[in-house]
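# Commentary on secondary and tertiary structure
Here are the chains, one letter per residue:
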Amino acid sequence: MAERVLMKGNEAIAEAAIRAGCRHYFGYPITPQTEIAAYMAKKMPKIGGVFLQAESEIASINMVYGAAAAGMRVMTSSSSPGISLKAEGLSYIAGSDVPALVVNVQRGGPGLGGIQPSQSDYFQATKGGGHGDYRMIVLAPASVQEMANLTIKGFNLADKYLMTSMILADGTIGQMMEPISFEDAQIETYEKPWALTGTDCKRKHNVVNSLYLQPDQLEKKNFERFERYRQVEENEAMWEEYMMEDAEICVVAFGIASRVAKNAIVAARKEGIKVGLIRPITLWPFPKKPLAAAAEKVNSFISVELSMGQMIEDVRLATQCKKPVSLCNRCGGMIPSPDEVLETIRNAQKGV
Amino acid sequence: MEHHRLTLFAGHYGSGKTNIAVNYAISLARQEKKVCIGDLDIVNPYFRTADSAKRLHEASVELISPQFANTNVDLPALPAEAYRLVQDKTVYGIMDIGGDDRGAYALGRYVPFLKEENNYKMVFVANFCRPLTRTAEEAMEVMREIEAACGLKFTHIVNNTNLGPATDPDVVLDSGTQVQKLCDISGLPLFFTALREDLAPALEEKIPNVFPLQLQEKYFDLPEQQGGI
């Protein structure tokens, strides 16, 4: 059996990043993700890496931008209000086509909100947050093991497609503890001929920049970038299907909400209700194919979210509104209970 | 088991202090003792002693918890009431200390009272499945950091080696070497070995002083962890 250790979700992200070759961490503490910074502060000096607590979130994301331009595997982490502060840097990183990993362990919002878990940064992560036409690969772990696996995957995809990967977790998964193993870690490395590493006067210098003086050049750059995004959409969507074979109702939920949903589904099955789950693992690219396929089979969908209903819009788009989609949600740091989800499933069964 | 009036549980964060403190408090209360448990954790935002409030109440254990535990107030402040643990000598007091040296700073203010009364156990909770305390030497380093932060020496060790829901008897048995080594290099006795209660029957004959734990259920435990399907 693989050697396993008991880790907090936040620690698993930090350890996985180190194993993926990340030696540059820039951040600013904020609950509920501070263990990532604490772990990095303890470990990085021992392995020749850089841990730097910046003077602000804005400084830290620009340090990420700089290290990424130099071709380093680099990351930052924060929680909701801190990610808003980083939004400008996220746009510049996208506009410069450099790879980075950004972790958002979400808490309740808007504004300063609270420190309890939330999924209400779904729009910010999947639709923008920063300005301009850009996308980030958004990965939504539902266990501590996935916190580790998706961190490594996030670095790989960022390097492969020259863009930001975001781990969109929530406070609960950041704080909870589960046994994990790193033995199956698939670490990929990519050549970075575009990186600013010094020319030694032997080659033409590289430029990393997001400013284009001619509009047609900027348009061309955007077209090229969106061709890459199209490849990501085609190749990289990930999801889990649970009890979907004979399902008449399809619950859609990611992260911590999917764990609550699974318990509700098991309870509903005991009442004879045929219900299953599609759990998006990538939120962008959104797993449109399995949802479109499910829309041909099931009678209705339920989106379970820790927000006022954000992913539900993508569920409706992916299913082209062929079947009704209802919402089961809590927000502000609250989590739907298995009983609340079960009640929504019962109502869907009755066609309410 | 010999009981001191005060029992303090400290250790690396995530070592299981809160679960052990809650179960120990309840076990004392079952022996007809008047018990009060204090949540002195100023580090952890989630998963606190207060999560077990119902169980503690049912067992007639009094809970002293920071006013803002489990709320949105991220304030490392302890209630004045916590002084009762060290001042009211009619109760058995259990103190649940925050993780690592950072958590142990909060204990410092109570240490003069503890030393004066001199009727306490200061227990180090060890889980050798945690990545930063895989060996006795690493655990010893954390012990020394905590002692320096709070100004109080440990007197006992509890072995709480576990992999959460994946813990099996071998995980506990395999930790025997490291825990013995930690006892040897620290010169401290093993108070007990804590295990999930369902593992106790298999291990009671192989390990001395087994202390079974009833773990706090969580709404996000997966169906397979609950044996639900």
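Owing to the predicted nature of the structure, the values given are computational and were not obtained by experimental measurement.

### Some thoughts on the overall build of chain A
Looking only at helices and strands, chain A features twelve helices and 14 strands. Each principal axis of the C-alpha atoms in chain A carries an extent, and together these give about 70 × 50 × 40 Å. Out of the 352 residues in chain A, the part that is buried amounts to 54%. If you take every contact in chain A between residues at least 6 apart in sequence, the share linking residues at least 24 apart comes to 79%.

### Observations regarding the domain arrangement of chain A
All names here are of chain A. The domain architecture assigned to chain A consists of domain 1 (5-235) and domain 2 (240-350). Taking the mean C-alpha position of each, domain 1 and domain 2 sit 28 Å from one another. Contributing elements (two or more residues each) for the side of domain 1 that touches domain 2: helix 5 (122-127), strand 6 (137-139), strand 7 (164-170), helix 7 (171-175) and helix 8 (215-235). In terms of residue count, the dominant contributor to the side of domain 1 that touches domain 2 is helix 5 (four residues). Here the residues of the side of domain 1 that touches domain 2 sort into 15 nonpolar, eight polar and four charged.

### Here we look at the interface of chain B and chain A
If you look at the interface, chain B gives 20 residues, while chain A gives 28 residues. Its residues assigned to classes, the side of chain B that touches chain A comprises twelve nonpolar, six polar and two charged.

### Some thoughts on helix 9 (residues 255-270) of chain A
All names here are of chain A. The terminal C-alpha atoms of helix 9, which comprises 16 residues, lie 24 Å apart, in line with the 22 Å expected from a rise of 1.5 Å per residue. In terms of burial, helix 9 is largely enclosed, as 13 of its 16 residues are buried. Phi for G272, located one or two positions after helix 9, is positive at around 85°.

### Notes on the sheet that holds strand 8 (residues 210-213) of chain B
Residues and elements named next belong to chain B. In space, the eight strands of this open sheet follow the order 3-2-4-1-5-6-7-8, with parallel pairing throughout. Edge strands, defined here as strands with exactly one partner in the open sheet, are strand 3 (62-64) and strand 8. Averaged over all adjacent pairs, the angle separating strand axes in this sheet is 25°, with direction ignored.

### Looking at the sheet that holds strand 14 (residues 325-329) of chain A
Residues and elements named next belong to chain A. Strands sit in the order 9-11-10-13-14 across an open sheet of five strands; the sheet is mixed. For this open sheet the edge positions go to strand 9 (239-242) and strand 14, each flanked by a neighbour on one side alone. On average, each strand axis in the sheet is inclined to that of its neighbour by 20°, with strand direction left out of account. Summarising the sheet, strand 13 (residues 300-305) and strand 14 pair through five bridges and their orientation is parallel. Among the inter-strand pairings, F301 is bridged to a residue of strand 14, identified as V325. Set on the sheet, helix 9 makes contact with strand 9, strand 10 (249-252), strand 11 (275-280) and strand 13; between it and strand 11 the angle comes to about 170°. Of the strands in this sheet, strand 9, strand 10 and strand 11 touch helix 10 (residues 288-295), which is tilted by about 160° from strand 11.

### Focus: the packing of helix 1 (residues 9-19) of chain A against helix 2 (residues 34-43) of chain A
Residues and elements named next belong to chain A. Contact geometry for helix 1 and helix 2: axes closest at 8 Å, N-to-C directions at 40°. By the angle class used here, helix 1 and helix 2 are oblique. As for how helix 1 packs across helix 2, the hand of that crossing is right-handed. Residues N10, E11, I13, A14, E15 and I18 of helix 1 form the contact with helix 2, whose own contacting residues are E35, I36, Y39, M40 and K43. When grouped by side-chain class, the residues that make up the contact of helix 1 with helix 2 number six nonpolar, one polar and four charged.

### Digging into the nonpolar core
General note: in soluble globular proteins, nonpolar side chains tend to be found buried as a group. If you look at the biggest cluster of nonpolar residues, it comprises 161 residues, and the most contacted ones within it are V251 of chain A together with A25 of chain B. Mapped onto the domain boundaries, this core takes at least three residues apiece from domain 1 (5-235) and domain 2 (240-350) of chain A. Those residues in contact with A25 of chain B, other than ones at most four positions away along the chain, are V35, I37, L56, V61 and I94 of chain B.

### Observations regarding unusual backbone geometry
All names here are of chain A. The omega torsion across T31 and P32 is 5°, close enough to zero to call that bond cis. Here P32 lies in the loop between strand 2 (24-27) and helix 2. Residue P285 follows W284 across a cis peptide bond; omega there is 0°. Looking at the secondary structure, you find P285 in the loop between strand 12 (282-284) and helix 10. Phi is positive for D200, close to 55°, though the residue is something other than glycine. Its location among the elements puts D200 in the loop between strand 8 (177-180) and helix 8. Its identity is not glycine, yet Q320 carries a phi of approximately 50°, on the positive side. Here Q320 lies in the loop between helix 11 (311-318) and strand 14.

### Points about helix 8 of chain A
The terminal C-alpha atoms of helix 8 of chain A, which comprises 21 residues, lie 30 Å apart, in line with the 30 Å expected from a rise of 1.5 Å per residue. Among the 21 residues that make up helix 8 of chain A, zero are buried, leaving the element largely open to the surroundings.

### What about the environment of E11 of chain A?
Following the sequence through the fold, E11 of chain A ends up in helix 1. For the pair formed by E11 of chain A and A267 of chain A, sequence separation is 256 residues and the distance between their alpha carbons is 32 Å. Not counting residues within four places of it along the chain, the set of residues in contact with E11 of chain A comprises E35 and Y39 of chain A together with P131 of chain B.

Reading guide: rules and limits
- Residues numbered from 1 in each chain as written.
- Chains lettered and ligands numbered in written order.
- Predicted model: local features only at pLDDT ≥ 70, side-chain atom pairs only at ≥ 80, totals over all residues.
- Helix = DSSP H or I, 4+ residues; strand = E, 2+ residues; numbered from the N terminus.
- Buried ≥ 20, exposed ≤ 12 C-beta atoms within 10 Å, placed from the backbone.
- Contact = placed C-beta atoms within 7 Å.
- Domains from an automatic or database assignment.
- Nonpolar A, V, L, I, M, F, W, Y, C, P; charged D, E, K, R; others polar.
- Expected span 1.5 Å × (residues − 1).
- Pairing = 2+ DSSP bridges.
- Axes fitted to C-alpha atoms, helices over the stretch in contact; angles between N-to-C directions.
- Parallel < 35°, antiparallel > 145°, perpendicular 65-115°, else oblique.
- Left-handed = near helix turned anticlockwise from the far one by under 90°.
- Core = buried A, V, L, I, M, F, W, Y, C linked by C-beta atoms within 7 Å.

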